[in-house]
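Geometric and topological summary
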2 protein chains.
Amino acid sequence: MSFYENLKFDVNGLIPAIVQEQQTGRVLMMAWMNRASLEKTIESGKTHFWSRSRQKFWMKGETSGHTQTVKDIAFDCDGDTLLIQVDQIGTACHEGYKSCFFRSVGSDGDEVKTTEPQLVSPGDVYGKS
Amino acid sequence: MSFYENLKFDVNGLIPAIVQEQQTGRVLMMAWMNRASLEKTIESGKTHFWSRSRQKFWMKGETSGHTQTVKDIAFDCDGDTLLIQVDQIGTACHEGYKSCFFRSVGSDGDEVKTTEPQLVSPGDVYGKS
């Protein structure tokens, strides 16, 4: 069975893509792809997504320069989630952190703690993709 | 702002949860949580999810014994995805692989390759959660 035949896009034609930094294992972000953005990702070797809020096709780093070079694309047993290994230039998060997952819940199950340093001023990347 | 106030559940009251093995950095699976399963996960220290296909609350490993002990719960900048670090007992995948992401697309963008060994006979875990 070919790659695309294994995949299940949802009712909106989308599939979630987890992006992991290959070198460190750090999970950087999760975003959504439609078939066109996945095809473009494979063809170009740079991650492309579909923004649900903006209803727009976008390349990661197209305005910030913080692009992701694809090293591997895996999919799960149900065929409904992608796991993409990348080399990340700069920060993945538009708030200036390496990873979008820079906050954790404390052991009390309520308080929030920031778990990694802010590498770039948000003004330099905010609103950029 | 408290933990739950940072989170955005979707129109079905669900949020995707990426599960990563803390010790190795291996991404094991992605599943969905509603607020009740997240609260139960925090309270019990074992991952609990909401099955969209079965419309059912479930604990990972409740029938297979392959439970996940929670070490950390992070959330992303948009508050719409969780990243949970765990200690995994046995295999995360019901097909007998350590990770559900055991297949990748080849460099031709079409052929599929299996990238990790099958550790358990699927008969031992298939249909179990």
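Whatever comes next refers back to the structure up there.
A brief report on the enclosed structure follows. This one's a predicted model, so the numbers in the text were calculated from it and none came from an experiment.

Attention shifts here to the overall build of chain A. Regarding its fold elements, chain A presents three helices and eight strands. Going residue by residue from the N terminus, the α and β elements of chain A occur as α-β-β-α-β-β-β-β-β-β-α. For the C-alpha atoms alone, the extent of chain A along its principal axes is close to 45 × 35 × 30 Å. For chain A, the residues scored as buried account for 52% of the 129 residues in total. Look at the contacts in chain A between residues 6 or more apart in sequence, and 44% of them connect residues 24 or more apart. Surface accessibility of chain A: about 5800 Å² in total, with carbon and sulfur atoms responsible for 47%. Of the side chains in chain A, 14 bear a positive and 17 a negative charge, and the two mean positions are spaced by 6 Å.

A positive phi angle, near 50°, is found at A:Gln55, a position not held by glycine. Here A:Gln55 is to be found in the loop between β3 (48-51) and β4 (56-59).

Moving on: helix α2 (residues 35-44) of chain A. Residues and elements named next belong to chain A. Regarding α2, the residues found buried are Ser37, Leu38 and Thr41. All buried residues of α2 project into a common sector of 100° when viewed along the axis, lining one side. Turning to α2, the residues buried within the fold contact α1 (3-6), β2 (27-33), β3, β4, β5 (68-75) and β6 (82-88). Downstream of α2 by one or two residues, Gly45 has phi in the positive range, about 80°.

Moving on, we come to the sheet that holds strand β1 (residues 15-21) of chain B. Here we have six strands laid out as an open sheet, ordered β8(A)-β7(A)-β5(B)-β6(B)-β1(B)-β2(B), and mixed in their pairing. Each edge of the sheet is formed by a strand with only one pairing partner; in this case those strands are β8 (112-114) of chain A together with β2 (27-33) of chain B. Adjacent strand axes in the sheet meet at a mean angle of 30°, parallel and antiparallel pairs treated alike. Inspection of the sheet shows β1(B) paired to β2(B) by six bridges, in the antiparallel sense. For B:Gln20, the partnering residue across the bridge sits in β2(B) and is B:Val27.

For the pair chain A and chain B, the best superposition has an RMSD of 0.0 Å and corresponds to a rotation of 180° with a translation of 0.0 Å parallel to the axis. When the rotation and shift are considered jointly, the pair of chain copies conforms to a two-fold rotation axis. In terms of proximity to the rotation axis, the leading residue of chain A is A:Gly25, whose C-alpha is 2.6 Å off the axis. By residue overlap, the copies meet face to face through one surface: 100% of the interface positions of chain A are interface positions in chain B.

A separate point is the environment of A:Glu111. Residue and element names in this part refer to chain A. Its location among the elements puts Glu111 in the loop between β7 (103-105) and β8. Once the C-alpha coordinates of Glu111 and Phe75 are considered, the two residues, 36 residues apart in sequence, prove to be 34 Å apart. Those residues in contact with Glu111, other than ones at most four positions away along the chain, are Ser104, Val105 and Gly106.

What counts as what
Residues numbered from 1 in each chain as written. Chains lettered and ligands numbered in written order. Predicted model: local features only at pLDDT ≥ 70, side-chain atom pairs only at ≥ 80, totals over all residues. Heavy atoms only, no water. Helix = DSSP H or I, 4+ residues; strand = E, 2+ residues; numbered from the N terminus. Buried < 20%, exposed > 50% of the residue type's maximum accessible area, 1.4 Å probe, protein only. Contact = heavy atoms within 4.5 Å. Areas by Shrake-Rupley, 256 points an atom, 1.4 Å probe, with all protein chains shown as cover. Lys, Arg positive; Asp, Glu negative; His and termini not counted. Charge placed at Lys NZ, Arg CZ, Asp CG, Glu CD. Arc of directions from axis to C-beta. Pairing = 2+ DSSP bridges. Axes fitted to C-alpha atoms, helices over the stretch in contact; angles between N-to-C directions. Least-squares fit on C-alpha atoms with pLDDT ≥ 70 in both.

Function cannot be inferred from these measures alone, as they are strictly geometric.
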